[in-house]
Amino acid sequence: MKNPQYGPDELAARRAHVDAIPSVIRIGHQDLAHANGRAEDQRLRDLRFYRGLTDVRMRTSRESEWGVYIAESSKVLRRALDAGHQPMSFLTSDKWAADLEDVLRAWPDVPAYVSEDAVLEELTGFHLHRGALAVMRRPQPVAVEDVLRGARRVAILEDIVDHTNMGAIFRSAAALGIDAVIVTPRCADPLYRRSIRVSMGTVFQIPWARSESWPDDLAVLHDHGFVTAALALESDSISVAELGTRNPERLALILGTEGHGLHRRTIATASETVMIPMGNGVDSLNVAAASAVAFWETRVR
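Since the model is a prediction, treat every value here as computed from it, not as a measurement.

Caption draft 1: Seen up close, the sheet that holds strand β2 (residues 68–72). The five strands are arranged β1-β4-β3-β5-β2 in an open sheet whose pairing can be described as mixed. Lying at the two open borders of the sheet, with one neighbouring strand each, are β1 (24–26) and β2. Put simply, the sheet's adjacent strands are angled 25 degrees from each other on average, direction ignored. Note that β2 and strand β5 (residues 132–137) share five bridges and pair antiparallel. Each residue of the ladder has a partner; that of Glu-72, found in β5, is Leu-133. Along the sheet, helix α1 (residues 8–19) makes contact with β1 and β4 (112–115), crossing β1 at roughly 125 degrees. Along the sheet, helix α8 (residues 117–124) contacts β3 (87–93), β4 and β5; its crossing angle with β3, the most-contacted strand, is approximately 130 degrees.

Caption draft 2: Spatial organisation of the pattern of salt bridges. Here the structure, examined in full by the defined rule, presents 20 salt bridges. In this structure, the salt-bridge partner of Glu-65 is Arg-62, at a minimum N-O distance of 3.6 Å. Of this pair, Glu-65 and Arg-62 both sit in helix α4 (residues 56–66), three residues apart, which is roughly one turn of the helix.

Caption draft 3: Up close: the pairing of strand β7 (residues 180–183). Side chains of β7 alternate between two faces, with Ala-180 and Ile-182 and Val-181 and Val-183 buried alike. Inspection of the sheet shows strand β6 (residues 153–158) paired to β7 by four bridges, in the parallel sense. Its bridge partner being in β7, Leu-157 is matched across the sheet by Val-183. For the handedness criterion, the β-α-β arrangement of β6, helix α10 (residues 163–175) and β7 is classed as right-handed. Direction of pairing for β7 relative to strand β8 (residues 208–210): parallel, over a ladder of three bridges. Residue pairing for β8: Val-183 is matched across the bridge by Arg-210. Crossover handedness for the path β7 to helix α11 (residues 193–199) to β8: right-handed.

Caption draft 4: Structural view of the sheet that holds β6. Reading across the sheet, the seven strands line up as β8-β7-β6-β11-β9-β12-β10 and stay open at both edges, with parallel pairing between neighbours. Each end of this open sheet is capped by a strand with a single partner; those strands are β8 and β10 (238–239). In the sheet, strand β9 (residues 227–231) pairs with strand β11 (residues 251–256) via four bridges, with the strands oriented parallel. Counterpart to Ala-230 in the pairing with β11 is Ile-254.

Caption draft 5: Spotlight on the packing of aromatic side chains. Across all of its chains, the model carries two aromatic pairs by this definition. Seen in terms of ring centroids, Phe-49 and Trp-66 are 5.4 Å apart; in terms of plane orientation they differ by 70 degrees. Their pairing is edge-to-face. Separated by 17 residues along the polypeptide, Phe-49 in the loop between α3 (42–47) and α4 and Trp-66 in helix α4 bring together distant segments of the chain. With a relative accessible area of 6%, Phe-49 lands in the buried category. Its end group placed over the ring of Phe-49, Arg-48 keeps NZ or CZ at 4.1 Å from the ring centre. Just above the ring of Trp-296 sits the side chain of Arg-299; from NZ or CZ to the centre is 3.6 Å.

Caption draft 6: Region of interest: the side chain of Ser-23. When you line up the elements, Ser-23 lands in the loop between α1 and β1. In this structure Ser-23 comes out as buried when scored by relative accessible area, which is 5%. Discounting residues that sit within four places of it in the chain, Ser-23 has contacts with Leu-104, Trp-107, Pro-108, Val-110, Pro-111 and Ala-112.

Reading the values: the criteria
- Residues numbered from 1 in each chain as written.
- Predicted model: local features only at pLDDT ≥ 70, side-chain atom pairs only at ≥ 80, totals over all residues.
- Heavy atoms only, no water.
- Pairing = 2+ DSSP bridges.
- Helix = DSSP H or I, 4+ residues; strand = E, 2+ residues; numbered from the N terminus.
- Axes fitted to C-alpha atoms, helices over the stretch in contact; angles between N-to-C directions.
- Contact = heavy atoms within 4.5 Å.
- Salt bridge = Lys/Arg side-chain N within 4 Å of Asp/Glu carboxyl O.
- Buried < 20%, exposed > 50% of the residue type's maximum accessible area, 1.4 Å probe, protein only.
- Right-handed = clockwise from strand over helix to strand, strands pointing away.
- Phe/Tyr/Trp six-rings, centres within 6.5 Å; stacked < 30°, edge-to-face > 60°.
- Lys NZ or Arg CZ within 6 Å of the ring centre and 35° of its normal.

This is the structure in structure tokens:
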């Protein structure tokens, strides 16, 4: 969605239209200094969730503690709502609020905080140019065994800490036939704002679980009849194309972090090791690119 440009008269008209939406609450610069979790005013308590969105270290440690995540852009928040996730509040400007009127009216008990761009930038730490933000209630964690039910193709992500790669892998997984994703304990949060944005909200479409015991949980997959294939360049690795021709009934592909790759114990425990043949002196692909190749080559036939 492109950033709309409106003249003063058009903005005034949109502002009047937005003010007619019952859930809309206007905020100003004076509210920001008092926005914290101890405030008596519910509005000020809500606004604290939008503070410091560019502080990656703080957000990654606090959002799960708070039980929330941030959906950024109107498209992503609509996908979150379509997936059944519960909003706690919305944050937007007059330029965008009218375009979200259907969403705001569908959730009349959820406050929609609206302000001018300068106030929103002061609160969040960046220019809000993707339409809207929403604080969403974080879903309850799902057990590994639960996401395996009915799945034929699973992606396992080991120690992938880059949020961009995480989101890109989820997007490829959604597009290329992966039924579930398992992330290991040290992986980045799939529900971090950047991961969600890069995934274009597809992280809401695919069941995923965080392993609590890795790589011991590989035994769980083997017990459920999965062939586990570690992407690693070993002397006995087969190509992903060859694995694809075998078309296992149930297959889990294991992808590791860039640089160090997969842990030796993971490689030793996996049923197979597979690789993507390279040309022109290139030794490897970015893990997100490699995931897309592997997902396509090993899709259910």
